[in-house]
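Commentary on secondary and tertiary structure
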Amino acid sequence: AGPEGEPIQGTAPAWRPDGTLTYFAGGEIRDWPEGRTVVPANRLRMVVTEHPNAPGVGFLRNLRVVEHHWLEQDRLVAQLAADVRGGPPLDLVAVFDDGLPFASTDFLGEVRDLWASPFGTYYAVLTDTLGLYDFNGNLLQAPQLEGTRAVAWSPDELPHDTSRPFS
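Just so you know, these numbers come straight off a predicted model, no measurement behind them. (Residues numbered from 1 in each chain as written. Predicted model: local features only at pLDDT ≥ 70, side-chain atom pairs only at ≥ 80, totals over all residues. Heavy atoms only, no water.)

Okay, the sheet that holds strand β1 (residues 11-15) next. Strand order in the open sheet formed by 4 strands is β1-β2-β3-β4, with antiparallel pairing between adjacent strands. Strands at the two margins of the open sheet, each flanked by one partner only, are β1 and β4 (37-39). Taking each pair of neighbouring strands and ignoring which way they run, the sheet shows an average axis angle of 35°. Alignment of β1 against strand β2 (residues 21-25), held across 3 bridges, turns out to be antiparallel. What sits directly across from Trp15, in β2, is Leu21. (Pairing = 2+ DSSP bridges. Helix = DSSP H or I, 4+ residues; strand = E, 2+ residues; numbered from the N terminus. Axes fitted to C-alpha atoms, helices over the stretch in contact; angles between N-to-C directions.)

Have a look at this one:
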């Protein structure tokens, strides 16, 4: 159900910084209650077809946004997945700015989870390892952690040792 209790047909809900609810439905990311397009289906498809293992648009099936988080009012990070006819599924994480692809990270394996920091300065992606990224999609130096299951962010997003991004 949506914020007013009325049902929403969609998945992967996320709150924009201004309090607007967004969700995935009809192949695109939309807002509630108007259902306006935030990220169109063709932009989501474009990012997935650029994956190094993508065989081509005709082979992709069931493109979906698994989850997304708002980094700021017009920038979001999304975990995307697509089935491939005759091949393994594709997983990737992409940053969109004002509905346009801004940065993407391709993974050759499964993306297990996606987290964003409280102020949207960073996000983390769990695959076989944990990757930490800045607001622009740049991979950050981080300690090698084994057995990662979750990410906890400092409420102020500041590392304890400001001479190293993550300590």
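After presenting the structure, the write-up continues.
What follows is about the sheet that holds strand β9 (residues 113-116). Across the sheet, which stays open at both edges, the 3 strands sit in the order β9-β10-β11 with antiparallel pairing between neighbours. The two strands at the open ends of the sheet, each matched to only one other strand, are β9 and β11 (130-134). Each neighbouring strand pair of the sheet contributes to a mean axis angle of 20°, computed without reference to strand direction.

Alignment of strand β6 (residues 75-84) against strand β7 (residues 87-97), held across 9 bridges, turns out to be antiparallel. Its bridge partner lying in β7, Leu80 is registered against Leu92. Here β6 folds back onto β7 in antiparallel fashion, the turn holding 2 residues, of which Gly86 has a positive phi close to 80°. Bridge count for β7 against strand β8 (residues 100-107) is 7 bridges, and the pairing is antiparallel. Following the sheet pairing, Asp97 is matched in β8 by Leu100. Hairpin connection from β7 to β8: 2 residues lie between these consecutive antiparallel strands, with Asp98 at a positive phi of about 50°.

This part takes up the confidence of the model for the chain. On average, residues of the chain score 86 in pLDDT, and 90% of them reach the 70 mark or higher. The spread of mean pLDDT over the elements of the chain runs between β8, the lowest at 86, and β4, the highest at 97. (pLDDT = per-residue confidence, 0-100.)

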